[in-house]
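One letter stands for each residue in the lines below.
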Amino acid sequence: TVRAIRHRREMGVMKLISVIQGTGYAPGRAEGEALVADTRISFWGGFDPKSGRIVQDGPLEGQSAAGKILVFRSTKGSSGTSGMVAIAKRGGLHPLAFVNTEVDCMAALACIVCEIPMIADLDRDPFTIIRNGDYLRLDGDKGTIEVYRK
C-alpha cells in the first residue's frame with residue numbers, strides 16, 4: 001500500500017534484530033521509537049502529563065515519552081498513575097506502550113483503562129537488547145516485541 005511504502009521510506013533500512021516474548025497485560029498493538037532505562041518511574045509527580053516529559057531525577061529526566069514505547073523496570077506504585085496517563089492520553093502526549101520487567105498493578109490498570117498496550121514477564125532482559133531509538137513493533141495480544149535497528 002502507499003502508506004506502507006511511505007512508512008518504509010521514512011524509516012530507512014531497518015533490520016529485525018530480535019523478537020522478545022512476554023505476557024500481554026493490556027491488549028493492543030503499537031509501533032514506534034523506544035525510550036529505554038532500567039529504572040522505575042513515578043507517574044504521580046515524576047511525569048508531566050501536559051508535556052509528556054519525565055520530570056523525576058534519573059536517567060530519563062527531561063526526556064519526552066510522548067509517542068514512544070516506554071521500556072522501563074516498572075512504575076513506582078501510585079494510584080495516581082492512571083490519572084496522569086489518562087490526562088496525557090487526552091492531550092495526545094502519552095507513551096504508545098509500556099514494556100516492563102516488573103509488573104505493578106497500577107501500571108497495568110492505567111494501560112487497560114487508557115487502551116495502551118503493556119507487555120511484561122519477558123523471556124529475555126530488554127535492557128541488554130533494546131536501545132534508545134530502536135524501532136519496536138509490539139503486540140499486547142500475543143505478548144511479542146519485535147526490535148528493529150538501522
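**Quick look at the side chain of Ser64**
Note that Ser64 resides in the loop between strand S5 (53-54) and strand S6 (69-75). With near-sequence residues (within four places) excluded, Ser64 lies in contact with Leu35, Ser51, Gly52 and Arg53.

**Here we look at the sheet that holds strand S7 (residues 97-100)**
Here we have 8 strands laid out as an open sheet, ordered S1-S10-S9-S3-S6-S7-S8-S2, and mixed in their pairing. The open sheet terminates on both sides in strands that have one partner only, identified here as strand S1 (15-21) and strand S2 (23-26). Each neighbouring strand pair of the sheet contributes to a mean axis angle of 35°, computed without reference to strand direction. Where strand S9 (residues 135-139) lies against strand S10 (residues 144-149), 5 bridges are found, and the strand directions are antiparallel. Residue pairing for S10: Leu138 is matched across the bridge by Ile145.

**Here we look at the packing of aromatic side chains**
All told, the structure shown has 5 aromatic pairs when counted by the stated rule. Residues Phe43 and Phe98 carry aromatic rings whose centres are separated by 5.5 Å and whose planes lie at 25° to one another, so their mutual orientation is stacked. Pair noted here: Phe43 is in the loop between strand S3 (29-41) and strand S4 (47-48) and Phe98 is in strand S7, with a separation of 55 residues, a long-range link. Taken as a pair, Phe43 and Phe98 share a single burial class, namely buried. Here the aromatic rings of Tyr135 and Tyr148 are separated by 6.5 Å at their centres, their planes lie at 65°, and the arrangement is edge-to-face.

**Looking at the environment of Thr101**
Position of Thr101 among the secondary structure elements: in the loop between S7 and helix H3 (105-114). For Thr101, a relative accessible area of 29% translates into the label partly exposed. Taking the C-alpha atoms as reference, Thr101 lies 9.3 Å from Phe127; in sequence the two are 26 residues apart. Excluding residues within four positions of it along the chain, Thr101 makes contact with Phe72, Arg73, Leu122, Pro126 and Phe127.

**So, the pairing of S10**
By the criterion of burial, S10 is predominantly enclosed, with 5 of the 6 residues buried. Both S1 and S10 contribute to a ladder of 6 bridges, which runs antiparallel. Bridge assignment links Gln21 to a residue of S10, and that residue is Thr144. Taking the residues that link successive antiparallel strands as the turn, the S9-S10 hairpin has 4 residues, and the phi of Gly143 there is positive, at about 75°.

Rules of the game
- Residues numbered from 1 in each chain as written.
- Predicted model: local features only at pLDDT ≥ 70, side-chain atom pairs only at ≥ 80, totals over all residues.
- Heavy atoms only, no water.
- Helix = DSSP H or I, 4+ residues; strand = E, 2+ residues; numbered from the N terminus.
- Contact = heavy atoms within 4.5 Å.
- Pairing = 2+ DSSP bridges.
- Axes fitted to C-alpha atoms, helices over the stretch in contact; angles between N-to-C directions.
- Phe/Tyr/Trp six-rings, centres within 6.5 Å; stacked < 30°, edge-to-face > 60°.
- Buried < 20%, exposed > 50% of the residue type's maximum accessible area, 1.4 Å probe, protein only.

Any functional reading would require information that these geometric values do not contain.
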